[in-house]
Amino acid sequence: MLYALGGVDDQLTLHAIDPTVWRDRPDPWMARLCYALALLVEPLRNPAALLGSRLIQLTEGAGPRDLAALATPDEVTDLIAMRDLARETLLPALAGQPGESGPTFAGSEDLHAYADLIVDGLLLDIKAGQGGSPRKDGTRTMSLSRPDLDQLLGYALLDYPDEYALHSVGYYLARYGTLITWPLVDLCAELAGHPIALPDAHAAFRQVLREELPAYWTRIGRHEASPSSPATGAIQFDLPPKPTRKHSSAI
């Protein structure tokens, strides 16, 4: 797939891919490409995900077309609809600001964690969940659990030297075109129950991941650790009715 896109050559040297090269390709082609790349990235982030991945459907000798064909027509339509909605709701809110997709941090290797998007000091995690069951008027309730919020803060705290100068964190709910953000210090204080100094939080998180956690695993053994109790605390909010999707023919 990367070879076909020009991302790697015959000597396996990596090259940056210019997405503008594909601007004239039809929407279904682009959606299938994004779906295929997502399938390839998922096992890198979580090797166990390969067991249930559609990648195992591929036979020996399968090529990029076979990989792109793994997305169903409904999934292609869904991806295009979320892209169109982001153009209307997300891009205007971020336009003209410097950004980076898939950013890595000084501490990314400590947790093998990589964020979705940073735009001018705002760290965004993109969620594509459906939310709760729809009400009669089409609205839904969505809940962000404490583990969700801890994960978001974990990304921010992995930036040990404050390279990105993060001042806010938030979520973009891709199916509803909803952007939710909080000042980073305010969210830290809310979850901790007292004011937090971000430099101290960065240093403490680094110490836990690089010194205390390895020592802990060495002492008790990774396989002997019992599952932790679910964290308490969540944020609930209402979602608007889901926008009507425009159907697109697949290729």
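Residues numbered from 1 in each chain as written. Predicted model: local features only at pLDDT ≥ 70, side-chain atom pairs only at ≥ 80, totals over all residues. Heavy atoms only, no water.

Q: Just checking my understanding: could you explain the environment of Tyr155 for this structure?
A: In this structure, Tyr155 sits in helix H7 (residues 146-157). For Tyr155 and Asp125, which are 30 residues apart along the polypeptide, the C-alpha to C-alpha distance reads 9.4 Å. Residues contacting Tyr155, with those up to four places away along its chain left out, are Phe105, Ala113, Tyr114, Ala115, Leu123 and Asp125. (Helix = DSSP H or I, 4+ residues; strand = E, 2+ residues; numbered from the N terminus. Contact = heavy atoms within 4.5 Å.)

Q: Please explain the pairing of strand S3 (residues 122-127) as it appears in this structure.
A: Along a regular strand, successive side chains alternate from one face of the sheet to the other. Counted residue by residue, S3 has five buried out of six residues, so it is predominantly covered. Here three bridges tie strand S2 (residues 117-119) to S3, and the two strands are oriented antiparallel to one another. Bridge pairing in S3 places Ile118 opposite Leu123. As consecutive antiparallel partners, S2 and S3 are separated by two residues, and within that stretch Asp120 has a phi angle of approximately 50°, a positive value. (Buried < 20%, exposed > 50% of the residue type's maximum accessible area, 1.4 Å probe, protein only. Pairing = 2+ DSSP bridges.)

Q: Mind showing me how you'd approach the pattern of salt bridges here?
A: Two side chains carrying opposite charge are able to pair once their charged atoms lie near each other. This structure, assessed with the given rule, holds seven salt bridges. When the shortest N-O distance is used, the salt bridge between Asp84 and Arg83 registers 2.7 Å. Its relative accessible area of 25% is what places Asp84 among the partly exposed residues. Among the residues examined, Arg83 registers a relative accessible area of 25% and is labelled partly exposed. The residue Arg210 makes a salt bridge to Asp110 at a minimum N-O spacing of 2.7 Å. In this pair, Arg210 sits in helix H9 (residues 198-220) while Asp110 sits in helix H6 (residues 108-111), placing the two residues 100 residues apart along the sequence. Look at Arg210 and you get partly exposed, because its relative accessible area is 36%. (Salt bridge = Lys/Arg side-chain N within 4 Å of Asp/Glu carboxyl O.)

Q: Honestly, the packing of aromatic side chains in this entry has me stumped. Any pointers?
A: We describe a pair of aromatic rings using the distance from one ring centre to the other and the angle between the two ring planes. Inspection of every chain in the model, using the stated rule, returns three aromatic pairs. Judged by centre distance (5.5 Å) and plane angle (35°), the ring pair of Trp22 and Trp29 falls under tilted. Residues Trp22 and Trp29 agree in their burial class; the two are buried. Relative to Trp182, the ring of Tyr171 has its centre 6.1 Å away and its plane inclined at 90°; by these criteria the two rings are edge-to-face. Remark: Trp182 occurs in strand S6 (residues 178-183) and Tyr171 occurs in strand S5 (residues 168-173); sequence separation between them is 11 residues. The ring of Trp29 carries the charged tip of Arg25 above its face, separated from the ring centre by 4.5 Å. (Phe/Tyr/Trp six-rings, centres within 6.5 Å; stacked < 30°, edge-to-face > 60°. Lys NZ or Arg CZ within 6 Å of the ring centre and 35° of its normal.)

Q: Which parts of the structure should I look at to understand the side chain of Ser53?
A: Within the secondary structure, Ser53 is located in the loop between helix H2 (27-45) and helix H3 (64-68). On the basis of relative accessible area, Ser53 is assigned to the buried category, the value being 6%. Within the structure, Ser53 has its side chain in polar contact with the backbone nitrogen of Leu55 (distance 3.1 Å). (Polar contact = N/O pair within 3.5 Å; in protein donor to acceptor, adjacent residues only side chain to side chain.)

Q: When you look at the layout of surface pockets in this model, what are you seeing that I'm missing?
A: Left-over empty space is what a probe sized like a water molecule reveals as it rolls over the atoms. The computed volume of the largest pocket comes to approximately 2400 Å³. Surrounding the largest pocket, 43 residues form its lining, Cys34, Tyr35, Ala38, Leu79 and Ile126 being those nearest its centre. Counting only elements with at least two residues in the lining of the largest pocket, the list comes to helix H1 (2-5), H2, helix H4 (73-89) and S3. The element best represented in the lining of the largest pocket is H2, accounting for 14 residues. Considered class by class, the residues forming the lining of the largest pocket number 28 nonpolar, three polar and 12 charged. For the second largest pocket, the calculated volume is near 360 Å³. Lining the second largest pocket are 13 residues; nearest its centre among them are Arg25, Trp29, Pro64, Arg65 and Ala68. (1 Å grid on protein atoms, 1.4 Å probe; cavity = no way out; pocket = protein on both sides within 12 Å on 5 of 7 lines; lining within 4 Å. Points joined across faces, edges and corners; volume = space filled by probe spheres on them. Nonpolar A, V, L, I, M, F, W, Y, C, P; charged D, E, K, R; others polar.)

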